[in-house]
Amino acid sequence: MTSDVQTVAKHPTGIPGFDLIADGGLPRARATLIAGTAGSAKTVFATHFLASGIVNDGEAGVFVTFEDRVEDIRANMRGFGWDIAQWERDGKWAFVDAAPDPEEPTAVIGSFDLGALLARIERAVKSVEAKRVSLDSLNALFVQFPEHPMLRSELFRITTSLKRLGVTVVFTGERTNEYGEVTRYGIEEFVADNVIILRNLLDNERRRRTIEILKLRGAPHQRGEFPFTITSRDGIIVLPLSGIELTQSSSSIRVTSGIDELDEMCGGGFFRDSIVLASGATGTGKTLLVTQFMAGGFEAGERSLLFAFEESKDQLFRNAAAWGFDFDDMEQSGRLKVVNRYPHAMAMEDHLVEMQQIIADFKPNRVAVDSLSALERVSSLRSFREFVISLTSYLKLKETTGLFTSTTPSLLGGGSVTEKHISTLTDSIILLRYVESFGQMLRSIVLLKMRGSRHDCTLRQYTIDGEGMHIGEPFRDVVGILSGNPTFAHGVDES
Amino acid sequence: MLPSTTPRSAVPELRLKLFVAGDSPRAREAASNLARVCEQMLPEEVVVETVDVLEHPDLAEAYRILTTPTVLREAPPPVRRATGDLKDADQLCAALALYPNRPTT
């Protein structure tokens, strides 16, 4: 650090995304309170903190449980691929079982302290040479013993002792409300250095998890709530949105859209790391645009990945075949991948994490999402916007061309919520619109914006046949197409 | 140890463990309160083993002791625990399921 301000050394947790919002990790050799309501993933966080120390840094950990039984923790965490029993045999993990035994309750007669607990924790820390300690959850202790002032001063003594041993400590504590006092028993008072809040909110009838760093004493960190999700592959994954730098398209390399005329309109094709939004009413040819985008990439020797949220794989392949594109063949060659998902199947955060994993595994040159609107319908505006920001920045990071589609609600004219909220995030926008013309529906295409390039600004008519999309001449005598009220100026072709 | 070898009238020996954290005033108070109950109120032979958890944290772990001082009734069953300075003798006997001699006897 070049800063002359004295900052606390950070201990990277290894929890994906977390170290980014915590500017490097948790304060080293300090105690941090993880507060959250029931079901907010406090235990998963406390376990993940130790697990990633073992897996990533070879650092041993001690888990002190006040509530869950040791066997249950071992079993529950197997689901994340964390083999605690093996780590125990390897001397990387030690339990201190401080859960009350229902068979042998302890009667309280007069004053006491937590001297035995402290001695056991210190012993465990020394026995595995732990660098990390998790205590979960302190509320159980406060429920078991009514002597709260004593508990507070004793827990302060324990944290002080652990700090002296140089270990980084994570406490968990329960909250009664998502917003309000930090914890039920004022646990934060003795670990007041650092407080992190996990939330599990109901948002439009869907659960949405967020993490907020309330304070990291003497250390910089990102402010506000960040969404996070839990996957069986990685445990907790924090999505550090404002930690993402939104970069604009910077590549000057052009790639084909899959349609020659559209490439021409764009001045030679899409930029390689640009994000393109295609908007249109149902039936205007958005999926065709996507199909040709995928096929164009395939023909150019690229790897193409399609996320389909509206149509089944069979339907997509059948449509593609009708336009003359053999997706079966392309997929067999291994350079096309079509991923089919129901928008409702998961929360937005989970969709995002899964899509990022698929992109990381498949390493495509181009990605299409058909359609964003399908996802928008199942999420809150905020989740949706965060999703789009994360996905676009991830694609840019990987220098991948992206084509997203958006369905406009009305047949004529347009403008959907999707566009309103993401148009500024995309580099290019293509509008597909119906034009009513003397008893027939014509289709028009216009390149509304293309960052960093000269492009065709005319509204052109296009047709769709067995060979895909054909873009023709500009409409010269129609006004008001985009507003949904096309009127024909003089000089109408009467044929 | 077979029940048949123990005479019916004999009271089995009571084994207790007292866990303390170092030589604190509270530890000494608990020890003397416990000794007084054992000597003055209990009919049976009592063996009290004092364990300093600072010296033997492994024993604290093995017996899952959290608080100090803690007295553990090991044998005969039932296994019972009480924690604190053990000032109240009646509460202590109740907690450890012991039946003290009545002052009148």
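So, how was this worked out
- Residues numbered from 1 in each chain as written.
- Chains lettered and ligands numbered in written order.
- Predicted model: local features only at pLDDT ≥ 70, side-chain atom pairs only at ≥ 80, totals over all residues.
- Helix = DSSP H or I, 4+ residues; strand = E, 2+ residues; numbered from the N terminus.
- Contact = placed C-beta atoms within 7 Å.
- Buried ≥ 20, exposed ≤ 12 C-beta atoms within 10 Å, placed from the backbone.
- Pairing = 2+ DSSP bridges.
- Axes fitted to C-alpha atoms, helices over the stretch in contact; angles between N-to-C directions.
- Right-handed = clockwise from strand over helix to strand, strands pointing away.
- pLDDT = per-residue confidence, 0-100.
- Parallel < 35°, antiparallel > 145°, perpendicular 65-115°, else oblique.
- Nonpolar A, V, L, I, M, F, W, Y, C, P; charged D, E, K, R; others polar.
- Domains from an automatic or database assignment.
- Core = buried A, V, L, I, M, F, W, Y, C linked by C-beta atoms within 7 Å.
- Expected span 1.5 Å × (residues − 1).
- Arc of directions from axis to C-beta.

1. With respect to the overall build of chain B
Of the regular secondary structure elements, chain B holds three helices and four strands. For chain B, the N- to C-terminal ordering of α and β elements is β-α-β-α-β-β-α. Restricting the contact set of chain B to residue pairs at least 6 apart, pairs at least 24 apart contribute 64%.

2. Describing the overall build of chain A
Regarding its fold elements, chain A presents 15 helices and 25 strands. Summarising its shape, the C-alpha atoms of chain A cover approximately 105 × 50 × 45 Å along the three principal directions. Counting only residues that meet the buried cut, chain A has 49% of its 495 residues in that class. Restricting the contact set of chain A to residue pairs at least 6 apart, pairs at least 24 apart contribute 69%.

3. Describing the sheet that holds strand β2 (residues 46-52) of chain B
Across the sheet, which stays open at both edges, the five strands sit in the order β6(A)-β4(B)-β3(B)-β1(B)-β2(B) with mixed pairing between neighbours. Single-partner strands in this sheet number two, and they are β6 (106-108) of chain A together with β2 of chain B. Within this sheet the neighbouring strands show an average axis-to-axis angle of 25 degrees, counted without direction. Pairing analysis gives five bridges linking strand β1 (residues 14-20) of chain B to strand β3 (residues 70-75) of chain B, with the strands arranged antiparallel. Following the sheet pairing, L16(B) is matched in β3(B) by R73(B). Together, β1, β2 and β3 of chain B form the strand contacts of helix α1 (residues 25-41) of chain B, whose direction differs from that of β1(B) by roughly 165 degrees.

4. A word on the pairing of β2(B)
Look at any regular strand and the pattern is simple: side chains alternate between the two faces of the sheet. All names here are of chain B. Here seven bridges tie β1 to β2, and the two strands are oriented parallel to one another. In the sheet register, V20 faces β2, and the bridge partner there is D52. Regarding topology, α1 serves as the crossover connection from β1 to the parallel β2, and that connection is right-handed.

5. Details of the interface of chain B and chain A
Contact residues are listed per partner, giving 28 residues for chain B and 20 residues for chain A. If you list the elements that add at least two residues to the side of chain B that touches chain A, you get α2 (57-62), β4 (80-83) and α3 (89-95) of chain B. Broken down by element, the residue count for the side of chain B that touches chain A peaks at four residues, all from α2(B). Pairing of β6(A) with β4(B), which is carried by three bridges, proceeds in the parallel orientation. Note on β4(B): the bridge partner recorded for V108(A) is T83(B).

6. Regarding the confidence of the model for chain A
When pLDDT is averaged across chain A, the result is 86; 91% of the residues are at 70 or more. Below a pLDDT of 50 lies the segment residues 1-5 of chain A, which in the model reaches one contact outside its immediate sequence neighbourhood of four places, other chains included.

7. Topic: the packing of helix α12 (residues 348-362) of chain A against helix α14 (residues 381-397) of chain A
Residues and elements named next belong to chain A. Two elements in contact, α12 and α14, have axes whose closest approach is 10 Å; the angle formed by their N-to-C orientations is 10 degrees. Overall, the two elements α12 and α14 adopt an arrangement that is roughly parallel. Within the contact between the two elements, α12 uses M348, H351, L352, M355, Q356 and I359 and α14 uses S383, F384, F387, S390, L391 and Y394. Grouping the constituent residues of the contact of α12 with α14 by class yields eight nonpolar, four polar and no charged.

8. A look at the domain arrangement of chain A
For interface size, the figure often reported is the accessible area lost on association. All names here are of chain A. Taken as a whole, chain A is organised into domain 1 (10-238) and domain 2 (254-488). Between domain 1 and domain 2, the C-alpha centre-to-centre distance is 45 Å. Counting from both sides, the interface comprises nine residues of domain 1 and, opposite them, seven residues of domain 2. Of all the elements in the fold, those that place two or more residues in the side of domain 1 that touches domain 2 are β10 (206-216) and β11 (225-231). A breakdown of the residues in the side of domain 1 that touches domain 2 according to their chemical character gives two nonpolar, three polar and four charged.

9. A few points about the confidence of the model for chain B
Residues and elements named next belong to chain B. Put simply, chain B has an average pLDDT of 84, and 86% of its residues get 70 or more. In the predicted structure, residues 1-9 sits below a pLDDT of 50 and forms one contact with residues beyond four places in sequence or in another chain. Overall fold confidence (pTM) sits at 0.75, and the ipTM for the predicted complex is 0.87.

10. Topic: the sheet that holds strand β16 (residues 304-308) of chain A
All names here are of chain A. Judged by pairing direction, the sheet is mixed, and its nine strands sit side by side in the order β17-β16-β18-β19-β15-β20-β21-β22-β23 without closing on themselves. Looking at the sheet topology across the chains shown, the edges are occupied by β17 (336-340) and β23 (468-474). On average, each strand axis in the sheet is tilted by 25 degrees relative to the strand beside it, whichever way the strands run. Looking at chain direction, strand β20 (residues 428-437) and strand β21 (residues 440-450) are connected through 10 bridges and run antiparallel. Looking across to β21, one finds that R433 is bridged to S444.

11. Quick look at the nonpolar core
All names here are of chain A. One finds I34, V62, V64, A116, I121, V133 and V238 to be the most contacted residues of the largest nonpolar core, which totals 151 residues. Looking at which domains feed residues into this core, each of domain 1 (10-238) and domain 2 (254-488) supplies at least three. Excluding its chain neighbours within four sequence positions, the residues that come into contact with V133 are G61, V62, V64, I121, V125, L162, V167 and V169.

12. Description of helix α7 (residues 148-164) of chain A
Count 3.6 residues to each turn of an α-helix, and residues three or four apart come out pointing the same way. All names here are of chain A. Over its 17 residues, α7 runs 24 Å from end to end, which matches the ideal 24 Å to within 8%, given 1.5 Å per residue. Those residues of α7 that sit buried are L151, E154, L155, I158 and L162. Projected onto a plane normal to the axis of α7, the buried residues spread over an arc of 105 degrees and lie on a single side. Exposed positions of α7 whose direction lies more than 90 degrees from the buried face are P149, T160 and R164. Of the surrounding elements, those touching the buried residues of α7 are α5 (115-128), β7 (130-136), α6 (138-144) and β8 (168-174).

13. Observations regarding the environment of G91(A)
Residue and element names in this part refer to chain A. With respect to the element layout, G91 can be found in the loop between α4 (84-89) and β5 (93-97). What makes G91 exposed here is the crowd of 11 C-beta atoms within 10 Å. The spacing of G91 and A130 is 39 residues in sequence and 9.7 Å in space, taken between C-alpha atoms. The residues contacting G91, other than those within four sequence positions of it, are A60 and V128.

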